[in-house]
Structure formats: structure tokens, C-alpha cells
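Close look at the chain arrangement
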Amino acid sequence: MAEEIMQTILDRDPNEREFHQAVGEVVESVKPVLDQNPVYRKLRILERLVEPERVILFRVPWMDDRGEVNVNRGYRVEMSSAIGPYKGGLRFHPSVTLSILKFLAFEQVFKNALTTLPMGGGKGGSDFDPKGKSDNEVMRFCQSFMSELFRHIGSNTDVPAGDIGVGAREIGFLFGMYKKLRNEFTGVLTGKSLNWGGSLIRPEATGYGSVYFAAEMLATRNETLEGKTCLVSGSGNVAQFTAEKLIELGAKVVTLSDSSGCIYDEAGIDAKKLAYVKLLKNVRRGRMEEYADKYPDAVYTPVDPSLDFNPLWNHKGDCAFPSATQNEINAVDAKHLVENGVTLVCEGANMPTVPDGIDLFLDSGILYGPGKAANAGGVSVSGLEMTQNSMRLSWTREEVDNRLKMIMKSIHHTCLDAAEQYGFPGNYLHGANIAGFVKVVDSMIDQGLV
Ligand code: NDP
Ligand code: 2IT
């Protein structure tokens, strides 16, 4: 059965490497669930799950500041509405392909199921690169993108949000265009600014949630984050707020990175240095290289394509928080982490570890928190933003943060319970996949063959 489904997706879409990787991982985890529940096979549940309910692919023409016409490709993958409206981010990055968005949408289905909130799964975006573009160019691109997307989304249909390359600025431009086209002020996007329907703690939520999840994992071994040396990758939304919460809890963050290179600051990135990183990345839209100019004790290492490993993961540390992008930890990186004594890997990014790397983590007995559980805090607070929008109310920072903590605790329990029930005690990867899968497929069965 598992082999058959993999063959089906390989035959149907032979070039979708990332999608095959994401499906392969889930299929492996749910084998015992399929064995114990023949009805899932009979109803061809896996075959149905791996086919998106709908894929929208569209042209995005826009004019740059020189008056030249540019054409990008826009996508929205509406993967599953079994437990709620499609929900998931938009990614603007030159590497975006249908395969990447299908992997992200597929993962989102299970992640959202774990959050306890009623959200289906989707993902979208474009191969547009916001880097180096003026605010006006980004605005024109977002307006063109939304002039097609608006007919497919809605607060009860499909609710996009941010992801790589899509933050508060882009969500603002997208929302403005949606509102104009529909003549409707509604919670159709999450990650909105506070003044016009956003939720407190949404910017912080993925990073904070990831650290809350790590703290839960450590607590099973009677440990805390205090005094732990932490390796964090990325320097965007997830990385910044992961670092912020780690610092607050008394951990020492020694690395950050961007797609050009990484910095190592042995003394630790403290709150003041982190404030500089936020200014550098969010306001000045600069590069991490400048961190080493500002703090000369830090070492900057540019990306070296001739290396088969990332130097960031070869530093000594207790905990690792990959928070940049998919497959950023390869098998050599995973080996370095384990050999250097890391005892916890908590995935802020989506699918940051290659399958061989995950096997190494699991075999070595370290605490391994897979992305779809560990980074679910972002979409959880998106769900809370939807709730507040529906009620036309805003909750306090404390209220949202408490709910986020409760949700991350609940996801942690759910993973451990499901793992235990199917014979994988302590395995968060199988636990997350199984718990998400069972909730979604039981809902599909309840709703008939649609
Ligand atoms: P941002 O765009 O804010 O930051 C992305 C960071 O990762 C930047 O530092 C970027 O560097 C780096 N990066 C991006 N692509 C690459 C690449 N190909 N190689 C090396 N570095 C890269 O995105 P987020 O922080 O929002 O997202 C980071 C990860 O977290 C993604 O995997 C995303 O899917 C996941 N995630 C995000 C959530 C959210 O709420 N935002 C929720 C759950 C998961 P540079 O500046 O050079 O581009
Ligand atoms: O990967 C993710 O969970 C996100 N990018 C956030 C999605 C959301 O709808 O908030």
C-alpha cells in the first residue's frame, strides 16, 4: 500500500521531489495505522489525501520602477478542507515551484489538524523575489497577485498568511487590494497589522511556539532551556522570535544566518544585539554580514558552495533550531550536530532536515521536534486571529500568549500519546504524523466521498 502510493505520485508528477519527500515521511509513519484500520485502505484515503482538492496557477504581470514589464507565476494549492477552510501561508521566493508549494500545503494539513483549531490546509505564493525591490514594486506585484487570487479566497473559504518573503508589508498590500476588489472588510488574511484586524503575538507566534515546544520536550527529561547554548539558523520572522524567547528564558544564542552566510557570536546574541538584527533585516532589509561589522567579535562565514555541509551546524551547542528553509540540514550537518553533542533539534522551518538526517536524530536518541508540530504556533495564532476577527474583538497580549502556550502543550501531548498508542514511544515525528492523519481522514470519511 505504502509503496503503491509512492509509485502513484512518482508516476503522476515525477519532478516533484520535495512533495515526494513530504509524502514519503507521512506514509512511513502511518503504516501501522493503515494496518490496524483496513477501512482507510478500502476508501483509498491516502490516494485522496495526496491529490490537492484544487490547484490555482496564474500569471502575475507587474511593472517595475524603470517601467519594464515583468511576469511571474502565482499559485494557490488548496490541499484539504476536511476540518476547516484552507489555511496556510504565501511564499514569495525565486525558488518557489509547484512541488515546493504542494509539500508545504501537504504538511500544513497535518500541522493545522494538530493545533486543535478548525483549519484545513493550503499554501501559495510566487517565484517573485522581493529582495532588492522597492516598496512600490512590491506593492504593484502584490496588487497584481491579488487581482487574480481574490476570486478564490475568503474568510470561510481560504485564508492565506505569510511565509518566506511575505511579512507585514506584503500582507498589508494584499489586504488592501482584496478589500478594494470585494468591497468587504473581513478576516481573509492573517498576519495583519494591529490597527486593522491583526492579532497581538502573531509576529512572535512561530518562534515563541517553537521554543515552548522545545521546553516541553526538555521537561520530559527534567531539563530546561536555561543555560543551554543554542544554534539558530535564519534571521527572518521565525529565527528572530525564536532567539528572543530563548534569550528571555536564559539560553545563549550563538548563531544566525541568511542565504548568503552565517554568523557565530561566541559571547551570545543578547537582547540588544537582537534588536540590531531586527532593524537590519526588517527595516533596512540588509544582510547578516553587517552583524560582524557592528560586533567584530562575531565571525561571519559566507556560504561556500564547494562545502558539503553548513558551518553553522558544526558549532558546539546543546540545542538546534533550524528556522530558515527546507532541507537546510543535510546528512553531514546532522552528523556534525550529533557528534558535537546537541541533545535537541526543534524545527521552526518546514521540513528543514533531509530524511537521512532525521533517521540519524531518531537513532541517536536526541529529542527531535518535527516542523509540523514544533512550528505550529504561527498558524495557531493565525487561527486565533480568525476567531478575534469573527467576534470583532481583540484579545490582550497575555490572553493570546497563554492560548499559544496551551496549544503548544496540547500538541506536545497529542504527539506523545499517538506515538505511544502505535508503538513508537517518545517519537514526535511518528506521533505528529499519526495524530494529524487520523483526525483528517476520520473527518473525510464522515463527510462522504467528496
Ligand atoms: P522570512 O522570509 O522572514 O525569513 C527567512 C529566512 O531564511 C531569511 O533569513 C532567509 O535569508 C533565509 N532563507 C530563505 N531561503 C533560504 C535558502 N534557500 N537558503 C538559506 N537561507 C534561506 O521567513 P520565515 O522566518 O517566516 O520562514 C522561515 C521558515 O519557517 C520557512 O521554512 C517557513 O516555511 C517556516 N514557517 C514560517 C511560519 C511563519 O509564521 N512565518 C510558520 C511556520 C513555519 P535571506 O534574508 O537571505 O532571504
Ligand atoms: O508554515 C506555516 O505554518 C505558515 N507559514 C503560517 C501559516 C498561517 O496561516 O499562519
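Residues numbered from 1 in each chain as written. Chains lettered and ligands numbered in written order. Predicted model: local features only at pLDDT ≥ 70, side-chain atom pairs only at ≥ 80, totals over all residues. Heavy atoms only, no water.

Concerning helix α8 (residues 202-219)
The terminal C-alpha atoms of α8, which comprises 18 residues, lie 25 Å apart, in line with the 26 Å expected from a rise of 1.5 Å per residue. The sharpest bend along α8 reaches about 30 degrees and sits at Tyr 208. When you tally the buried positions in α8, you get 15 out of 18 residues, the bulk of the element. (Helix = DSSP H or I, 4+ residues; strand = E, 2+ residues; numbered from the N terminus. Expected span 1.5 Å × (residues − 1). Bend = angle between axes of the 7 residues up to and from the residue. Buried < 20%, exposed > 50% of the residue type's maximum accessible area, 1.4 Å probe, protein only.)

A few points about the site of ligand 2
Taken together, the neighbourhood of ligand 2 is formed by 14 residues, with Lys 87, Lys 111, Lys 123, Arg 202 and Ser 382 sitting nearest. One nitrogen or oxygen atom from the side chain of Lys 111 is found 2.7 Å from an oxygen atom belonging to ligand 2. If ligand 2 stood free it would expose 290 Å²; the protein chains cover 94% of that surface. Those elements that place two or more of their residues in the shell around ligand 2 are β3 (86-92), α5 (98-114) and α15 (377-391). Here the shell around ligand 2 is built from residues that sort into two nonpolar, seven polar and five charged. (Near = heavy atom within 4 Å. Polar contact = N/O pair within 3.5 Å; in protein donor to acceptor, adjacent residues only side chain to side chain. Areas by Shrake-Rupley, 256 points an atom, 1.4 Å probe, with all protein chains shown as cover. Nonpolar A, V, L, I, M, F, W, Y, C, P; charged D, E, K, R; others polar.)

With respect to the site of ligand 1
Around ligand 1, the structure places 26 residues, and the nearest of them are Asp 163, Thr 206, Ser 259, Arg 287 and Asn 350. Lys 281 is positioned such that a nitrogen or oxygen atom in its side chain is 3.5 Å from an oxygen atom of ligand 1. A distance of 3.5 Å is found between an oxygen atom of ligand 1 and a backbone nitrogen or oxygen belonging to Ala 324. Sorting the residues of the shell around ligand 1 by element identifies α8, α9 (237-248) and β7 (252-258) as the ones contributing at least two each. Classifying every residue of the shell around ligand 1 gives four nonpolar, 14 polar and eight charged.

Some points on the side chain of Arg 169
Within the fold, Arg 169 resides in helix α7 (residues 168-182). Excluding residues within four positions of it along the chain, Arg 169 makes contact with Pro 130, Lys 133, Asp 135, Val 138 and Arg 285. (Contact = heavy atoms within 4.5 Å.)

A word on the pattern of salt bridges
Per the counting criterion, the structure on display carries 32 salt bridges. The partner of Glu 3 in a salt bridge is Lys 31, and the shortest N-O contact between them spans 4.0 Å. Of this pair, Glu 3 sits in helix α1 (residues 2-12) while Lys 31 sits in helix α2 (residues 17-36); the two residues are 28 residues apart in sequence, bridging distant segments of the chain. Assessed through its relative accessible area of 55%, Glu 3 is described here as exposed. Residues Asp 13 and Lys 102 are paired through a salt bridge, measuring 3.3 Å at the closest nitrogen-oxygen approach. A residue pair is termed long-range when its members are at least 10 positions apart, and Asp 13 in the loop between α1 and α2 and Lys 102 in helix α5 qualify at 89 residues. Look at Asp 13 and you get partly exposed, because its relative accessible area is 22%. In this structure Lys 102 comes out as buried when scored by relative accessible area, which is 5%. (Salt bridge = Lys/Arg side-chain N within 4 Å of Asp/Glu carboxyl O.)

Concerning the packing of α1 against α2
The contact between α1 and α2 brings their axes to 10 Å, and the two run at 170 degrees. The angle between α1 and α2 falls in the class roughly antiparallel. The element α1 and its partner α2 pack so that their crossing is right-handed. Only Phe 19, His 20, Val 23, Gly 24, Val 27 and Lys 31 of α2 make contact with α1, whose side of the interface consists of Ala 2, Glu 3, Ile 5, Met 6, Ile 9 and Leu 10. Split into classes, the residues belonging to the contact of α1 with α2 amount to eight nonpolar, two polar and two charged. (Axes fitted to C-alpha atoms, helices over the stretch in contact; angles between N-to-C directions. Parallel < 35°, antiparallel > 145°, perpendicular 65-115°, else oblique. Left-handed = near helix turned anticlockwise from the far one by under 90°.)

A look at a nonpolar patch on the surface
Nonpolar side chains collect at one region of the surface, where Met 63, Val 69 and Val 71 lie side by side and expose about 290 Å² of accessible area between them. One can find Val 71 in strand β2 (residues 69-80). Assessed through its relative accessible area of 55%, Val 71 is described here as exposed. (Patch = residues over 30% accessible without salt bridge, like charges linked within 9 Å, V, L, I, M, F, W, Y side chains within 5 Å.)

Considerations on the layout of surface pockets
Approximately 420 Å³ is the volume found for the second largest pocket. Along the walls of the second largest pocket sit 23 residues, with Gly 187, Met 386, Thr 387, Asn 389 and Ser 390 positioned nearest its centre. Considering every element that reaches the lining of the second largest pocket, the biggest residue donor is α15, with six residues. A class-by-class count of the residues in the lining of the second largest pocket yields nine nonpolar, twelve polar and two charged. (1 Å grid on protein atoms, 1.4 Å probe; cavity = no way out; pocket = protein on both sides within 12 Å on 5 of 7 lines; lining within 4 Å. Points joined across faces, edges and corners; volume = space filled by probe spheres on them.)

Brief notes about α9
Here α9 contains twelve residues, and its C-alpha end-to-end distance of 17 Å stays within 8% of the 16 Å for a straight helix at 1.5 Å per residue. Here the buried face of α9 lies against α8, β6 (229-232), β7, α10 (271-283) and β10 (319-321). In the segment just after α9, Gly 250 is the residue with positive phi, at about 90 degrees.

Some words on empty space enclosed by the protein
Within this structure, the stated rule accounts for one cavity of 30 Å³ or more. Volume-wise, the largest cavity comes out at about 60 Å³. Glu 25, Glu 107, Glu 347, Met 351, Thr 353, Ile 358, Tyr 368, Pro 370, Gly 371, Lys 372 and Leu 429 together form the lining of the largest cavity. When its residues are assigned to classes, the lining of the largest cavity shows five nonpolar, two polar and four charged.

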